[in-house]
Amino acid sequence: TAKDAGGNQTAVYDVSYSTELEKRYEIERELRLALNDSGLELYLQPQVRENGELVGAEVLLRWNHPSRGMVSPADFIAVAEQTDLIVDLGKWIVRAALAELKRLPAPLTLAINISPRQFRKYDFVYFIEHELQQSGADPSRLILEVTENLFVEDLGDIISKMEALQQSGVQFSIDDFGTGYSSLSYLQRLPLQELKIDKSFVQAVGNQEQQAIVDSIVAIASNLRLRIVAEGVETQEQVDYLARHDADMVLQGYLFDKPLPIEDFHRNYFTS
Ligand code: C2E
Ligand code: MG
Ligand code: MG
Ligand code: MG
């Protein structure tokens, strides 16, 4: 390193920074190509009741990379979020997801992850309403998943937008609930239908202290008359623990199914 060589540390920092930056630009460039060249795909992960009844699905983005294969959004969404690339991606996702919602038998719902940057665009409400109209999909079967960090700034403006969409019938869910930075005080003010318990809490079932967090989230949701979706359910023990609560509970996780290519989802659930 520069330090070993007797140089200053700034040199080392600059080198790694430029590498990080180059990596970011490369991902951005390739993502834009994928967006224009049908390299992106939507997967659907089933959401079920305790008895296995299907209630809907969450839309999860996949990038079919020419050399790296199917890439999870965990590896690129953060990069896309640093620029308006996430807005373009998000528009594509909403359009593709609404086309799917239109195909999906009622009353099944479809949940889409919305990045804060996309939500904050001045025309977000108009965009969703316009796409709902174009697709002919039922707004009340659309669930928009947002994360707590959406609520750390401009809360009034965020709430007005949520209320406008709720007027159209759209539902809202807070994803990864309990892992973000915002305070609980905003919860009652938000027009919400659902809280999603983060998988880190669900997967800690068996650990007394962590279970207390699950219990508390379920209590908050029930008191606010919200549906609860437990994400990352992998074991029967977790299902049994979650089902002990008297709550409007939906389950999602590998125990039931992993995220599936759309055609597999339809084949597995709608043909006999
Ligand atoms: P998320 O919205 O919290 O989605 C849940 C993640 O948990 C998904 O990862 C899903 O594949 C994974 N998962 C589901 N069941 C299990 C399980 O039983 N065990 C474990 N270990 N994991 C499980 P995925 O698909 O890699 O997505 C990661 C994150 O990327 C998502 O977290 C979401 O924040 C973001 N993301 C995914 N698709 C989109 C999208 O279309 N738009 C935006 N803005 N973000 C997206
Ligand atoms: Mg989600
Ligand atoms: Mg989540
Ligand atoms: Mg999560």
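Refer to the structure presented above.
My aim in this report is to walk through the structure given alongside it, one point at a time. (Residues numbered from 1 in each chain as written. Chains lettered and ligands numbered in written order. Predicted model: local features only at pLDDT ≥ 70, side-chain atom pairs only at ≥ 80, totals over all residues. Heavy atoms only, no water.)

1. Quick look at helix H5 (residues 124-135)
The end-to-end C-alpha distance of H5, which contains twelve residues, comes to 16 Å, matching closely the 16 Å that a straight helix rising 1.5 Å per residue would cover. Looking at the buried positions of H5, the neighbouring elements they touch are helix H3 (85-103), helix H4 (116-119), strand S5 (142-147) and helix H6 (155-167). At the C-terminal side of H5, Gly136 shows a positive phi close to 75 degrees. (Helix = DSSP H or I, 4+ residues; strand = E, 2+ residues; numbered from the N terminus. Expected span 1.5 Å × (residues − 1). Contact = heavy atoms within 4.5 Å.)

2. Examining helix H9 (residues 236-243)
Of all the residues in H9, the buried ones are Gln238, Val239, Tyr241 and Leu242. All buried residues of H9 fall inside an arc of 165 degrees around its axis, so they share one side. Elements in contact with the buried residues of H9: strand S7 (194-197), helix H7 (199-202), helix H8 (208-223), strand S8 (227-230) and strand S9 (249-251). (Buried < 20%, exposed > 50% of the residue type's maximum accessible area, 1.4 Å probe, protein only. Arc of directions from axis to C-beta.)

3. Some details on the packing of aromatic side chains
Applying the stated criterion to the full structure yields six aromatic pairs. Both rings, one in Phe119 and one in Phe172, keep their centres 6.4 Å apart while their planes meet at 70 degrees; by these two values the pair is edge-to-face. One end of the pair, Phe119, is in helix H4; the other, Phe172, is in strand S6 (residues 171-177), with 53 residues separating them in the sequence. The same class applies to Phe119 as to Phe172, namely buried. Measuring from ring centre to ring centre gives 6.0 Å for Phe265 and Phe270, while their planes differ by 70 degrees; the resulting arrangement is edge-to-face. Through a chain of ring-to-ring contacts, three or more aromatic side chains come together here, namely Phe119, Phe124 and Phe172. Directly above the aromatic system of Tyr43 lies the positively charged group of Arg62, at a separation of 5.5 Å from the ring centroid. If you follow Arg68 out to its NZ or CZ, it ends over the ring of Trp63, 5.8 Å from the centre. (Phe/Tyr/Trp six-rings, centres within 6.5 Å; stacked < 30°, edge-to-face > 60°. Lys NZ or Arg CZ within 6 Å of the ring centre and 35° of its normal.)

4. Quick look at the pairing of S7
Here S7 shows two buried faces, one formed by Glu194 and Lys196 and the other by Leu195 and Ile197. The sheet contact formed by S6 and S7 spans three bridges and is parallel. Across the sheet, Ile174 pairs through a bridge with Leu195, a residue of S7. Where S7 lies against S8, four bridges are found, and the strand directions are parallel. The residue bridging Ile197 from the neighbouring strand is Ala230, located in S8. (Pairing = 2+ DSSP bridges.)

Don't take any of this as a statement about function, it's just geometry.
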